[in-house]
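Here is what each chain is made of, one letter per residue.
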Amino acid sequence: MAEPLKIKPSPQIARTIKLLTDGTMSKWSNGRIPKLSREQAIGFTANLIQETGSADLSNLDVVEQGRAEGRGIGQFTGARRQAYEQWASRYPNRNNPDAQLQYVAKEYRGDYDPNGNSLIGYTRSFEQAPKGISPQDAALYFSRTYFRPGEPHNERRVDYARQLDQAYPVAAPKPMPKPQAAVKKQSPLKIFGITLPFQ
């Protein structure tokens, strides 16, 4: 068994979290996948790191070590792998997080369902993701409902979520501008019935 990974913050990880939280995945899935919270996105991304074995998500089109059953960002197996390989044969840049997550979104919305049999959308994993969940609990939730691995190694998924939570902290809110002091409007000065403007 490979050793647990030390997360390496990278543009690929940052991009993955952004795509999960900014509405892009919702657009790609025709609204099936809602915007994830930061915590949900970190939990999902922790699973991607466990599935691919890539500490910086630079290697996404990977084949499972040992049994060689799974392939891709989600280590798709069986009918899901067949659909993935049909897609992968048309995409030379398969290590791009945009391409891989677009596949995830389209698979979830049913684009690759064989004979009308849902590959993964039936789980409603994204729609039913609990609100207000911690990154670690989100990692466990998506492991159980979306990834559903044969050997979960959930302690690693939780650890990767913890590392990501520390590496990608909540953005500090911008300070509110200080209120300007109100300028008191002075009344015009009248001398002998003549109004004089203020200089």
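Residues numbered from 1 in each chain as written. Predicted model: local features only at pLDDT ≥ 70, side-chain atom pairs only at ≥ 80, totals over all residues. Heavy atoms only, no water.

S.K.: Looking at this model, I keep getting lost on helix H3 (residues 38-52). Mind explaining?
M.R.: Each α-helix winds once per 3.6 residues, and so residues spaced three or four apart point in a common direction. Compared with the 21 Å implied by 1.5 Å per residue over 15 residues, the 21 Å span of H3 between its first and last C-alpha is a close match. Of all 15 residues in H3, 14 are buried, a share of seventy percent or more. (Helix = DSSP H or I, 4+ residues; strand = E, 2+ residues; numbered from the N terminus. Expected span 1.5 Å × (residues − 1). Buried < 20%, exposed > 50% of the residue type's maximum accessible area, 1.4 Å probe, protein only.)

S.K.: What exactly am I supposed to notice about the nonpolar core here?
M.R.: A general trend in soluble globular proteins is that nonpolar side chains are found buried together. The biggest cluster of nonpolar side chains holds 45 residues, and the ones touching the most others in it are Phe142 and Tyr146. Those elements giving two or more residues to this core turn out to be helix H1 (11-21), helix H2 (24-28), H3, helix H4 (78-88), helix H5 (97-109), helix H6 (135-147) and helix H7 (154-167). Aside from chain neighbours lying at most four places away, what touches Phe142 is Leu36, Gln40, Gly43, Phe44, Asn47, Ser125, Phe126, Ala129 and Phe147. (Core = buried A, V, L, I, M, F, W, Y, C linked by side-chain atoms within 4.5 Å. Contact = heavy atoms within 4.5 Å.)

S.K.: What is the right way to read the packing of aromatic side chains from this model?
M.R.: By convention here, two paired aromatic rings are described through the distance between centres and the angle between planes. Inspection of the entire model under this criterion finds 16 aromatic pairs. Seen in terms of ring centroids, Tyr108 and Phe126 are 4.9 Å apart; in terms of plane orientation they differ by 85°. Their pairing is edge-to-face. Here Tyr108, found in helix H5, pairs with Phe126, found in the loop between H5 and H6; they are 18 residues apart in sequence, far enough to count as distant. With relative accessibility at 1%, the residue Tyr108 sits in the buried group. A centroid spacing of 4.8 Å and a plane angle of 80° characterise the contact between Tyr146 and Phe147, whose relative ring orientation is edge-to-face. Among the residues examined, Phe147 registers a relative accessible area of 7% and is labelled buried. Here the aromatic residues Phe44, Tyr108, Phe126, Tyr141, Phe142, Tyr146 and Phe147 are joined through ring pairs into a cluster of three or more. The ring of Tyr146 is capped by Arg80, whose NZ or CZ atom sits 5.3 Å from the centre of that ring. (Phe/Tyr/Trp six-rings, centres within 6.5 Å; stacked < 30°, edge-to-face > 60°. Lys NZ or Arg CZ within 6 Å of the ring centre and 35° of its normal.)

S.K.: Help me understand the pattern of salt bridges in this model?
M.R.: Side chains bearing opposite charge may pair, as long as their charged atoms lie close to each other. Applying the stated criterion to the full structure yields 14 salt bridges. Of the charged contacts, one joins Asp98 and Arg15 as a salt bridge, the two residues approaching to 2.7 Å between their closest N and O atoms. Taken together, the residues Asp98 in helix H5 and Arg15 in helix H1 connect sequence positions 83 residues apart. Using a relative accessible area of 30% as the deciding quantity, one classes Arg15 as partly exposed. As a salt-bridge pair, Arg32 and Glu127 come within 2.8 Å of each other at their nearest N and O atoms. One end of the pair, Arg32, is in the loop between H2 and H3; the other, Glu127, is in the loop between H5 and H6, and 95 residues separate them in sequence. Given a relative accessible area of 23%, Glu127 falls into the partly exposed group. By sharing partners, the salt bridges in this structure join Asp61, Arg71, Arg81, Glu85 and Arg94 into a single network. (Salt bridge = Lys/Arg side-chain N within 4 Å of Asp/Glu carboxyl O.)

S.K.: Before we go on, may I ask you to explain the packing of H4 against H5 in this structure?
M.R.: Packed helix pairs are characterised by how far apart their axes lie and by the angle those axes make with each other. It is the contact of H4 with H5, at a shortest axis distance of 12 Å, that shows an interaxial angle of 130°. Classified by the angle between their axes, H4 and H5 sit oblique to one another. Crossing of H4 against H5: the hand is right-handed. In this structure, H4 uses Arg80, Ala83, Tyr84 and Trp87 to contact H5, whose residues at the interface are Ala99, Gln100, Tyr103 and Glu107. (Axes fitted to C-alpha atoms, helices over the stretch in contact; angles between N-to-C directions. Parallel < 35°, antiparallel > 145°, perpendicular 65-115°, else oblique. Left-handed = near helix turned anticlockwise from the far one by under 90°.)

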